[in-house]
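Take a look at the letters that make up each chain.
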Amino acid sequence: MALPFLSNSGKRRDQAVVVDLGTRVTKAASIQRKGEAYVLTGFAMVDAPVYDRGISPDILAEHLKAVMQQLGVRTKHIVVVLGVGDSILRTAELPMVGVNDMRMMLRLNSKNYLQQDFPDYLFDCHILLGGGPLDASKAGADGGVKTQVKVKALVGGAKRQLTEDVKLAGKNAGFTVDVVTSGLIGPANAFEMAMPDVFSKEVVALVDFGYKNSTISILMMGELMLTRVVGFGAAKLTTGIAESLGISNAEAEGIKVGMPQEVESTIQPLLTPLGRELRASIDFFEHQQDKTVSQVFFSGGSARSEYIINALQSELMVPCKAWNPTVFMTPGLPPAQLGELEQVAPQLVVAIGGAMAAF
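The paragraphs below set out a description of the structure included in this document. Predicted model only: the values in this text are computed from it and were never measured.

1. Digging into unusual backbone geometry
Then step 1. Non-glycine residue Asp-120 carries a positive phi angle of around 55°.
Then step 2. Tracing the sequence through the fold places Asp-120 in the loop between helix 3 (110–114) and strand 7 (121–127).
Then step 3. At Asp-290, a residue that is not glycine, the phi angle is positive and equals roughly 55°.
Then step 4. Relative to the elements of secondary structure, Asp-290 occurs in the loop between helix 9 (264–289) and strand 14 (295–299).
Then step 5. With a relative accessible area of 69%, Asp-290 lands in the exposed category.

This is how it looks when you write it as structure tokens:
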């Protein structure tokens with residue numbers, strides 16, 4: 001289900017070095033492919049730069065240098081994953097033409113296919129296996145009926161200027177940005193690799209906790225049916241705990257993950273709006289498709305808290321659990337990182353999904 005919307009390389013690569021640009025923390029991973037096997041050779045977590053009106057290429061270049069220095073991988077080629085607020089992911093019915101022609105049609109008239117104008121965007125398309133062809137009939141000028149064959153496709157996109165700024169920042173930092181892709185596709189890509197049987201045979205929801213926003217993706221027998229961004233992230237939980245207890249955000253972050261039972265009365269009402277938003281998305285899907293979501297899988301930093309997942313399970317009334325996106329890979333990590341992997345793995349979901357879009 002890979003979906004890069006900027007790719008400078010059509011070659012089959014054997015290494016992907018991925019930088020997932022987070023709002024608060026940037027995650028990076030280095031993955032090697034050996035035949036059909038994958039090896040995780042390194043990961044890094046670096047505080048993201050603070051900015052109010054978009055990040056400049058110069059600031060991003062310095063940030064990329066810091067990330068790559070911590071990752072400790074020697075490469076000239078990187079993959080960059082844009083945040084969920086900087087990219088789009090939609091399902092659309094498009095004429096059955098080549099992907100390059102689809103991209104051009106979307107650039108020229110995005111509103112016709114996506115029901116919204118996206119001026120000066122770059123797009124990419126992935127034809128869904130169960131999505132076509134479809135017959136779309138319409139009246140012709142002579143009063144007859146003309147039929148246009150269409151297919152169902154996944155459409156990803158981002159502003160052209162942003163992708164150009166990312167490429168320029170990479171160049172200024174000494175790297176070539178081969179691929180730019182969306183964080184919205186990351187969880188589905190990684191889940192397909194980590195849990196292939198569940199991916200292909202069940203109806204499940206994937207929830208990824210972000211700092212400002214979270215996402216929910218619903219998969220049905222290997223097809224991504226719905227992706228939605230929810231305006232609720234880990235920041236609301238941390239800030240709520242800090243304000244309630246009169247402590248710093250850093251202390252509140254530790255309590256949130258390490259001992260949330262001690263602030264149960266504070267956390268539960270903070271989680272309720274998120275639970276309702278997620279439940280509404282699941283209800284919408286189940287009503288539209290007449291299928292039931294069997295499990296919800298959580299990733300992101302807050303997924304490290306078993307208490308938070310159990311609290312949301314009570315709200316969603318569906319079995320909920322955290323998942324590890326690295327289980328399909330062989331760890332080839334330094335000893336210090338090997339001990340950290342289980343703890344940080346839920347935060348690497350989007351980066352690993354970005355790598356799968358690049359391979």
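2. Considering the packing of aromatic side chains
Then step 1. Inspection of the entire model under this criterion finds seven aromatic pairs.
Then step 2. Plain terms: the ring middles of Tyr-121 and Phe-123 are 6.0 Å apart, the flat faces sit at 25° to each other, and that makes the pair stacked.
Then step 3. On the accessibility criterion, Phe-123 (2% relative accessible area) is buried.
Then step 4. On the numbers, 5.1 Å between centres and 80° between planes, the contact of Phe-191 with Trp-323 is edge-to-face. Placement of Phe-191 in helix 5 (residues 186–194) and of Trp-323 in the loop between strand 15 (320–322) and strand 16 (329–331) is noted, with a sequence separation of 132 residues between them.
Then step 5. With relative accessibility at 5%, the residue Trp-323 sits in the buried group.
Then step 6. Clustering of aromatic rings is evident, with ring pairs tying together Tyr-38, Phe-328 and Phe-359.

3. Description of the nonpolar core
Then step 1. Within the largest apolar cluster, 41 residues are counted, with the highest numbers of intra-cluster contacts made by Ile-31, Phe-191 and Leu-219.
Then step 2. By residue number, the principal contributor to this core is helix 12 (residues 349–358), which donates seven residues.
Then step 3. Contact partners of Ile-31, with chain neighbours within four places excluded, come to Asp-14, Gln-15, Ala-16, Tyr-38, Val-39, Leu-40, Thr-41, Met-329, Ile-352, Ala-355 and Phe-359.
Then step 4. Of all hydrophobic cores here, the second largest spans 35 residues; its members include Met-225, Val-230, Ile-308 and Ala-311.

4. Focus: the sheet that holds strand 11 (residues 203–209)
Then step 1. Read across the sheet, five strands follow the order 13-12-11-14-15 without closing on themselves; strand pairing throughout is mixed. Bordering the open sheet on either side are strand 13 (223–230) and strand 15, each of which pairs with just one other strand. Taken over all neighbouring pairs, the strand axes of this sheet differ in orientation by 20° on average, direction set aside.
Then step 2. In terms of strand pairing, strand 14 meets strand 15 through three bridges, oriented parallel. Paired with Val-296 across the strands is Cys-320, a residue of strand 15.

5. Focus: helix 12
Then step 1. Within helix 12, ten of the ten residues are buried, leaving the element largely enclosed by the surrounding structure.
Then step 2. All of the buried residues in helix 12 are Val-349, Val-350, Ala-351, Ile-352, Gly-353, Gly-354, Ala-355, Met-356, Ala-357 and Ala-358.

6. Points about the environment of Ser-200
Then step 1. Here Ser-200 is to be found in helix 6 (residues 196–201).
Then step 2. Residue Ser-200 is classed as partly exposed on the basis of its relative accessible area, which comes to 35%.
Then step 3. Between the C-alpha atoms of Ser-200 and Glu-223, which are 23 residues apart in sequence, the distance is 7.9 Å.
Then step 4. Of note is the side chain of Ser-200, whose polar atom sits 3.0 Å from the backbone oxygen of Pro-196.
Then step 5. Among the polar contacts made by the side chain of Ser-200, one reaches the main-chain carbonyl oxygen of Asp-197 at a distance of 3.4 Å.

The rules behind the values
Residues numbered from 1 in each chain as written. Predicted model: local features only at pLDDT ≥ 70, side-chain atom pairs only at ≥ 80, totals over all residues. Heavy atoms only, no water. Helix = DSSP H or I, 4+ residues; strand = E, 2+ residues; numbered from the N terminus. Buried < 20%, exposed > 50% of the residue type's maximum accessible area, 1.4 Å probe, protein only. Phe/Tyr/Trp six-rings, centres within 6.5 Å; stacked < 30°, edge-to-face > 60°. Core = buried A, V, L, I, M, F, W, Y, C linked by side-chain atoms within 4.5 Å. Contact = heavy atoms within 4.5 Å. Pairing = 2+ DSSP bridges. Axes fitted to C-alpha atoms, helices over the stretch in contact; angles between N-to-C directions. Polar contact = N/O pair within 3.5 Å; in protein donor to acceptor, adjacent residues only side chain to side chain.

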